[in-house]
Amino acid sequence: MYEKITPPTTGSRITFSNGEPIVPDNPIIPFIRGDGTGVDIWPAAQKVMDAAVQTAYQGKRQIDWFKVYAGDEACEVYGTYQYLPEDTLQAIKEFGVAIKGPLTTPIGGGIRSLNVALRQINDLYACVRPCRYYPGTPSPHKNPEKLDVIIYRENTEDIYLGIEWRQGSEIGDRLIKILNEDLIPATPEHGKKQIPLDAGIGIKPISKTGSQRLVRRAIKHALRLPPNKQMVTLVHKGNIMKYTEGAFRDWGYELATSEFRQECITERESWILGNKEHNSDLSTEDNARQLEPGYNALTADKKAQICQEVEAVLSQIWETHGNGQWKHKIMVNDRIADSIFQQIQTRPDEYSILATMNLNGDYLSDAAAAVVGGLGMGPGANIGDECAIFEATHGTAPKHAGLDRINPGSVILSGVMMLEYMGWQEAAELIKKGIGDAIANREVTYDLARLMEPPAQPLKCSEFADAIIKHFSD
Ligand SMILES: NC(=O)C1=CN([C@@H]2O[C@H](COP(=O)(O)OP(=O)(O)OC[C@H]3O[C@@H](n4cnc5c(N)ncnc54)[C@H](OP(=O)(O)O)[C@@H]3O)[C@@H](O)[C@H]2O)C=CC1
Ligand SMILES: O=C(O)CCC(=O)C(=O)O
Ligand SMILES: [Mg+2]
C-alpha cells in the first residue's frame, strides 16, 4: 500500500530472472522528475521516449509511467525533510526498473546524497556510463570520435558509503586517539605516523566481493562487444592506497584469470606469450628481461619472482592462449587513475571498458563526457541483479533550472540505455538516429551550439526534444 501515490491502473511489473529483466509489453516504470533542471529535462525526455516507443511499436508496446517523488518535490508532497519517502522506495522495489532526473546534495553538511542512497538501498552495484561520440557534436578535442568507452563504476562502497566523522566530533576524536595511540603503533609499516588531532576522518572500504562483482559485469559486457573493443581496464590508485585501490586491481585480475580464464588474457601474460612467440628459443630469464623494464638492476629475489611468473604463464596457458590465440581474448589490463585521465585524451582509442571504484569513476565519467561533447551528452545506468535505475551523469545544474534551455540529451540517452536494457532495441535506435541527425543538422541546445564553428542558434530544451522526434522519420 502506498501512502500518497497510486500506480497506473494499466500496465504490469518488470520481473527479474538470473539478473536479467523480464519485460512485458506494457511495463509500469516509476520516474523521479529531479531537482533543478529536472523540471526541464524530464518532460523533454519522457516525450522523446514515448514518441520512439509509439513509432517503433505502433501501440503494441507502451510504457505506463508512474510518477514517484524524491528531493525537493518529495518535501512538497510528503512534508519537510521527507526527501526520499518510503512510497518511492517501495515503488522502485515493486516495479524493478526506474529512471530519474538529478537530485541536489548539499555540500559540507545536511542530508547525504539521495542519488547515492538509491543506489545503495537497491544494491545497484554497477554504475554504467558510456561515453561515445555523435558525429557533428562540437568538442574541445581534435578527435573526439576516437573516444568510445564505457565506465563501469563500483556504486555501493568506497568513500561513498559515507562513514565519516566531522572534525572535533566526540567519536571522531576518539577514533583518532585509538588510531594514534594503539592501532598505528601496532602496525610497523606505519612507523611514527600520526593523524593530526584536528582532522576529519572518513573510511574507505573496498571489498573483494564488491570489486569482483563489478569486474564480473564489466567482463561480461566486454564479451558482447566487437573483437576490437574486447578490453577491460582496471583503474586504480593502487600505488598509494595499496590495500583498497591496489586490492581492487588484484581482485580484478584474480577474477579475470579464474572465472574467465578461457576468455581473458592479462596484458602481462600477453607480453610473456608474445615474447615466446617472437622467439621460441627464448630462455625464461630473457623473457623476464623483456617483460620487466630495468630487470638487470633488480634484486635476486625480485628477479626470481619475475622468472617464476614467466614460467607459470607459459606452463599454464601456452596451450590455450599461446601462438596468437590470446589476440582473440578479452584483454584485461590496469592503469593508475591519474594516468587514465590523460590516456583518455591522448590515446582514447586504446580503451574500451574502464572498471573503476566509486570515486575514480565519478570523476572519470564527467571527464570522459567532456571529451565527447560535455555533460549534456553523458547518460548512465545503475544496475543491480534485481533492480536498475537509469540517470544522467550530470547533476541539477541549478543556474539553468526552469529556463527551458538545458540539454536533455543525457537523460534521453539514459532512456536509450533503459530501452536497450528492456530489449526494446527498435525504439532505442530511433532515438539514437534522432539525436545524431539533430546534431548533424546543428539543431542543438546552448551547450553544443556555443561550441559549434560558427556558433549555432541554440534551441530550447523542449525544442531539442521536438527536433529529435522529427528526425525519427526522415
Ligand atoms: N546523479 C545526480 O543526481 C547528481 C547530482 N549532482 C548534484 O547536482 C548539484 C549541482 O552540481 P554541479 O556540481 O553544479 O554539477 P552539474 O552537473 O549539475 O552542473 C555543472 C555544469 O555542467 C554543465 N551541465 C550539467 N548538466 C548539463 C546538461 N544537461 N546540459 C548541458 N550542460 C550541463 C553546466 O555547465 P555550463 O553552465 O557551463 O553550461 C552546469 O553548470 C549538486 O547538488 C550535486 O550534488 C551532481 C552530480 C550527479
Ligand atoms: O549524488 C550527488 O550529489 C553526486 C553524485 C555524482 O556526482 C555522481 O554519481 O556522478
Ligand atoms: Mg558525478
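Each value, and the rule that gives it
- Residues numbered from 1 in each chain as written.
- Chains lettered and ligands numbered in written order.
- Predicted model: local features only at pLDDT ≥ 70, side-chain atom pairs only at ≥ 80, totals over all residues.
- Heavy atoms only, no water.
- Near = heavy atom within 4 Å.
- Polar contact = N/O pair within 3.5 Å; in protein donor to acceptor, adjacent residues only side chain to side chain.
- Areas by Shrake-Rupley, 256 points an atom, 1.4 Å probe, with all protein chains shown as cover.
- UniProt positions renumbered as here; feature names shortened; annotations may be inferred.
- Helix = DSSP H or I, 4+ residues; strand = E, 2+ residues; numbered from the N terminus.
- Buried < 20%, exposed > 50% of the residue type's maximum accessible area, 1.4 Å probe, protein only.
- Contact = heavy atoms within 4.5 Å.
- Axes fitted to C-alpha atoms, helices over the stretch in contact; angles between N-to-C directions.
- Parallel < 35°, antiparallel > 145°, perpendicular 65-115°, else oblique.
- Nonpolar A, V, L, I, M, F, W, Y, C, P; charged D, E, K, R; others polar.
- Disulfide = S-S within 2.5 Å.
- Pairing = 2+ DSSP bridges.
- Phe/Tyr/Trp six-rings, centres within 6.5 Å; stacked < 30°, edge-to-face > 60°.
- Salt bridge = Lys/Arg side-chain N within 4 Å of Asp/Glu carboxyl O.

## Some remarks on the site of ligand 1
Close to ligand 1 lie 23 residues, the nearest being Gly395, Ala397, His400, Asn407 and Tyr446. Residue Thr105 places a main-chain N or O atom 3.0 Å away from an oxygen atom belonging to ligand 1. Interatomic distance of 2.8 Å between a backbone N/O atom of Gly395 and an oxygen atom of ligand 1. Here ligand 1 loses 71% of its free accessible area of 880 Å² to cover by the protein chains.

## Here's the deal with the site of ligand 2
Surrounding ligand 2, one finds Thr105, Ser113, Asn115, Arg119, Arg129, Arg153, Asp362 and Thr393. In this structure, Thr105 approaches ligand 2 through a side-chain N or O atom, which is 2.5 Å from an oxygen atom. Arg119 has a polar side-chain atom sitting 2.9 Å from an oxygen atom of ligand 2. For ligand 2, whose accessible area on its own is 290 Å², the fraction buried by protein is 76%.

## Section: the UniProt feature "site: Critical for catalysis" (unreviewed entry) in the protein chain
Residues annotated by UniProt as "site: Critical for catalysis" (unreviewed entry) correspond here to Tyr160 and Lys237. Mapped onto the fold, Tyr160 is located in the loop between β7 (148–154) and β8 (164–165). The exposure class of Tyr160 is buried, given its relative accessible area of 16%. In contact with Tyr160, other than residues within four places in its own chain, are Val116, Gln120, Arg153, Asn358, Leu359 and Asp362. Not counting residues up to four positions away in its chain, the partners in contact with Lys237 are Glu245, Ile336, Ala337, Asp338 and Asn360.

## Here we look at helix α3 (residues 86–95)
Counting along an α-helix, one turn takes 3.6 residues, and residues three or four places apart therefore face a common direction. Asp87, Thr88, Leu89, Ala91, Ile92 and Phe95 are the residues of α3 that are buried. Immediately beyond the C-terminal end of α3, within one or two residues, lies Gly96, with a positive phi of roughly 80 degrees.

## Description of the packing of helix α8 (residues 267–278) against helix α10 (residues 300–321)
For the pair α8 and α10, the least separation of the axes is 10 Å and the interaxial angle reads 80 degrees. Our classification of the angle between α8 and α10 gives roughly perpendicular. Here Arg268, Glu269, Ile272, Leu273, Lys276 and Glu277 of α8 lie close against α10, whose contacting residues are Glu309, Val310, Val313, Leu314, Ile317, Trp318 and His321. Its residues assigned to classes, the contact of α8 with α10 shows seven nonpolar, one polar and five charged.

## What to know about the state of the cysteines
Enumeration over the complete set of coordinates arrives at zero disulfides. Looking at Cys127, it has no disulfide partner, and the nearest cysteine sulfur is the one in Cys131, 10 Å off. For Cys127, a relative accessible area of 1% gives the class buried.

## Brief notes about the sheet that holds strand β13 (residues 353–356)
Reading across from one edge, β4-β3-β5-β15-β14-β6-β7-β13-β10-β12-β11 is the order of the eleven strands in this open sheet, with mixed pairing throughout. Taken across any chain shown, the strands that pair with only one partner, and hence form the sheet edges, are β4 (64–68) and β11 (264–266). Going from strand to strand, the sheet's axes swing by 25 degrees on average, the running direction of each strand aside. Pairing analysis gives five bridges linking strand β3 (residues 28–32) to β4, with the strands arranged parallel. Across the sheet, the residue bridging to Phe31 is Lys67, located in β4. Against the sheet, helix α13 (residues 409–421) makes contact with β3, β4, β5 (97–100), β6 (126–132), β14 (381–383) and β15 (388–391), and its axis sits at roughly 170 degrees relative to β5, the strand it touches most.

## Observations regarding the packing of aromatic side chains
Each aromatic ring pair is specified by the distance between its two centres and by the angle formed by the two planes. The full count for this structure, using the stated rule, is eight aromatic pairs. Look at Phe31 and Trp65: their rings are 6.1 Å apart centre to centre, the planes differ by 90 degrees, and that puts the pair in the edge-to-face class. Placement of the pair is Phe31 in strand β3 and Trp65 in strand β4, with a sequence separation of 34 residues. Residues Phe31 and Trp65 agree in their burial class; the two are buried.

## Comments concerning the UniProt feature "modified residue: N6-acetyllysine" (unreviewed entry) in the protein chain
Here, the residues flagged by UniProt with the feature "modified residue: N6-acetyllysine" (unreviewed entry) are Lys142. Note that Lys142 resides in the loop between β6 and β7.

## Details of the pattern of salt bridges
Counted under the stated rule, the structure contains 31 salt bridges. For the salt bridge of Asp25 with Arg61, the shortest nitrogen-to-oxygen distance reads 3.1 Å. Linking Asp25 in the loop between β2 (20–22) and β3 with Arg61 in the loop between α1 (38–57) and β4, this pair joins segments that are 36 residues apart in sequence. As a salt-bridge pair, Glu245 and Lys204 come within 2.8 Å of each other at their nearest N and O atoms. With a gap of 41 residues between them, Glu245 in helix α7 (residues 242–256) and Lys204 in the loop between β9 (201–202) and α6 (208–223) connect regions that are remote in the sequence. Here the residues in one salt-bridge network are Arg33, Lys67 and Glu73, joined through shared partners.

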